[in-house]
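# Structural overview for review
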Amino acid sequence: MVKGNLLYEGKAKSVYETDDPGLLLVYFKDDATAANGAKHGVIPGKGVVNNKLSAFFFKQLKDRGIKSHFVETVGEREMLVKRLDMIKLEIVVRNIVAGSLVGRLGLPEGTPLNVPVIEYDYKSDELGDPMLNRWHIMAIDVATIDEVNRIEHVALSVNTILRDILRAKNVDLIDFKLEFGRDVSGDGEVLLADEISPDNCRFWDVVTHEKLDKDRFRNDMGGVEEAYQEMLRRLTL
Ligand code: 5GP
């Protein structure tokens, strides 16, 4: 596999073409942003942790019947993935009130939700990623109703699987963000994509409720690097 042209440079990841048109190389960076890009920083070792944890979670999900873009790990910071036609949505699944939901519902952080809540954000930099519902998504052709149903089914299954895996490591899964894409080299099947890491999930210690995720960076709590390393240690050692 030969690393080709840079296809996309994101805040936390870069994506390269390869000599296989169906495969891309994702490089995980240590750079971190928050507050819609207003806050910048570097979390040493984050890229290595996110690459390893994402590979770990994608493999665990595959073993339980959830297909993703993940093909294989090819370096400390790099994974090979299937090239997908990305759906312009961020799918947030929540089990416990935290982050933006605190202000939106007027409930204290840590309030359990009776059922998992699914939210959609439209990936649009110029609009500032506004929240959408299923009707907006269908009305402006972001995805079809069949794709939305599929995404919700997979997102809820991912939630159940990850909750169980994390609980066994004394970690509560508070909420997380997923992205999906269409496998255009096949029959257009919707596959899980992006990453699963402390950058896009909220992880709390079951007993102490210590935050083990990017909220430590977002909220200047200190111990950011240590939290990422602790998650890697608990999940993979
Ligand atoms: P909230 O809406 O409370 O800020 O975020 C909910 C969950 O989705 C959190 O786990 C957060 O990490 C994740 N999330 C929401 N938006 C983004 C985003 O733009 N990038 C990343 N990496 N994660 C996000």
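Described in the following lines is the structure provided in the data block. This is a predicted model, so every value here is computed, not measured.

### Considerations on the overall build of the protein
Along its length, the protein carries six helices and 15 strands. Counting only C-alpha atoms and orienting by the principal axes, one finds that the protein spans roughly 45 × 40 × 35 Å. The buried share among the 237 residues of the protein stands at 51%. Expressed as a percentage of contacts within the protein between residues at least 6 apart in sequence, the contacts between residues at least 24 apart total 56%.

### Quick look at the site of the ligand
Taken together, 14 residues surround the ligand, and among them Arg94, Ser100, Asp175, Arg202 and Arg218 come closest. Note that an oxygen atom of the ligand is positioned 2.8 Å from one of the side-chain N or O atoms of Arg94. Out of a free accessible area of 500 Å², the ligand has 77% covered by protein chains. If you list the elements that add at least two residues to the shell around the ligand, you get β9 (89–96), β12 (171–178) and β15 (201–205). A breakdown of the residues in the shell around the ligand according to their chemical character gives four nonpolar, three polar and seven charged.

### Looking at the sheet that holds strand β7 (residues 78–82)
The five strands lie next to each other as β1-β2-β3-β7-β6, forming an open sheet whose pairing is antiparallel. Taken across any chain shown, the strands that pair with only one partner, and hence form the sheet edges, are β1 (3–9) and β6 (70–75). With direction set aside, neighbouring strand axes in the sheet form an average angle of 30 degrees. With five bridges joining them, strand β3 (residues 23–28) and β7 adopt antiparallel strand pairing. Directly across from Tyr27, in β7, lies its bridge partner Glu78.

### Some remarks on helix α1 (residues 46–63)
Between the first and last C-alpha of α1 there are 26 Å, a value that for 18 residues agrees with the 26 Å anticipated at 1.5 Å per step. The element α1 is extensively covered by neighbouring structure, given that 14 of its 18 residues are classed as buried. Just downstream of α1 lies Gly65, where phi reads positive at about 90 degrees.

### A closer look at the pairing of β3
Counting buried residues in β3 gives five out of six residues, a clear majority hidden from the surface. Examined bridge by bridge, strand β2 (residues 13–18) and β3 share five bridges and lie antiparallel to one another. The residue bridging Glu17 from the neighbouring strand is Leu24, located in β3. Counted between consecutive antiparallel strands, the loop separating β2 from β3 contains four residues.

### A word on the sheet that holds β9
Strands sit in the order β11-β10-β9-β12-β15 across an open sheet of five strands; the sheet is antiparallel. Strand pairing shows two members of the sheet lacking a second neighbour, β11 (131–132) and β15, which therefore form its edges. Pairing analysis gives four bridges linking β9 to β12, with the strands arranged antiparallel. Opposite Arg94, over in β12, you have Asp175 as the bridge partner.

### Digging into the packing of aromatic side chains
All chains considered together, the criterion is met by two aromatic pairs. Aromatic pair Phe56 and Phe57: ring centres 5.4 Å apart, planes at 65 degrees, arrangement edge-to-face. Of the residues examined, Phe56 reaches a relative accessible area of 17% and is grouped as buried. When the ring centre of Tyr16 is taken as origin, the NZ or CZ atom of Lys3, which lies over that ring, is 4.3 Å away. Sitting above the plane of the Phe217 ring, Lys39 keeps its charged end 4.8 Å from the centroid.

### Remarks on the pattern of salt bridges
Counted under the stated rule, the structure contains 28 salt bridges. The network of salt bridges with shared partners includes Lys13, Glu90, Lys123, Lys177, Glu179, Asp194 and Glu195.

### Re the nonpolar core
Across soluble globular proteins, nonpolar side chains show a tendency to be buried alongside one another. Counting residues in each nonpolar core, the largest one holds 54 residues, and the members touching the most others are Phe57, Val158, Leu166, Phe180, Leu192, Ile196 and Phe203. With nine residues, helix α4 (residues 145–167) is the single largest residue contributor to this core. Among residues more than four places away in sequence, those in contact with Val158 are Leu61, Ile66, Phe176, Leu178 and Leu192.

Reading guide: rules and limits
- Residues numbered from 1 in each chain as written.
- Predicted model: local features only at pLDDT ≥ 70, side-chain atom pairs only at ≥ 80, totals over all residues.
- Heavy atoms only, no water.
- Helix = DSSP H or I, 4+ residues; strand = E, 2+ residues; numbered from the N terminus.
- Buried < 20%, exposed > 50% of the residue type's maximum accessible area, 1.4 Å probe, protein only.
- Contact = heavy atoms within 4.5 Å.
- Near = heavy atom within 4 Å.
- Polar contact = N/O pair within 3.5 Å; in protein donor to acceptor, adjacent residues only side chain to side chain.
- Areas by Shrake-Rupley, 256 points an atom, 1.4 Å probe, with all protein chains shown as cover.
- Nonpolar A, V, L, I, M, F, W, Y, C, P; charged D, E, K, R; others polar.
- Pairing = 2+ DSSP bridges.
- Axes fitted to C-alpha atoms, helices over the stretch in contact; angles between N-to-C directions.
- Expected span 1.5 Å × (residues − 1).
- Phe/Tyr/Trp six-rings, centres within 6.5 Å; stacked < 30°, edge-to-face > 60°.
- Lys NZ or Arg CZ within 6 Å of the ring centre and 35° of its normal.
- Salt bridge = Lys/Arg side-chain N within 4 Å of Asp/Glu carboxyl O.
- Core = buried A, V, L, I, M, F, W, Y, C linked by side-chain atoms within 4.5 Å.

Everything listed here is a matter of coordinates, which is why it stays silent on function.
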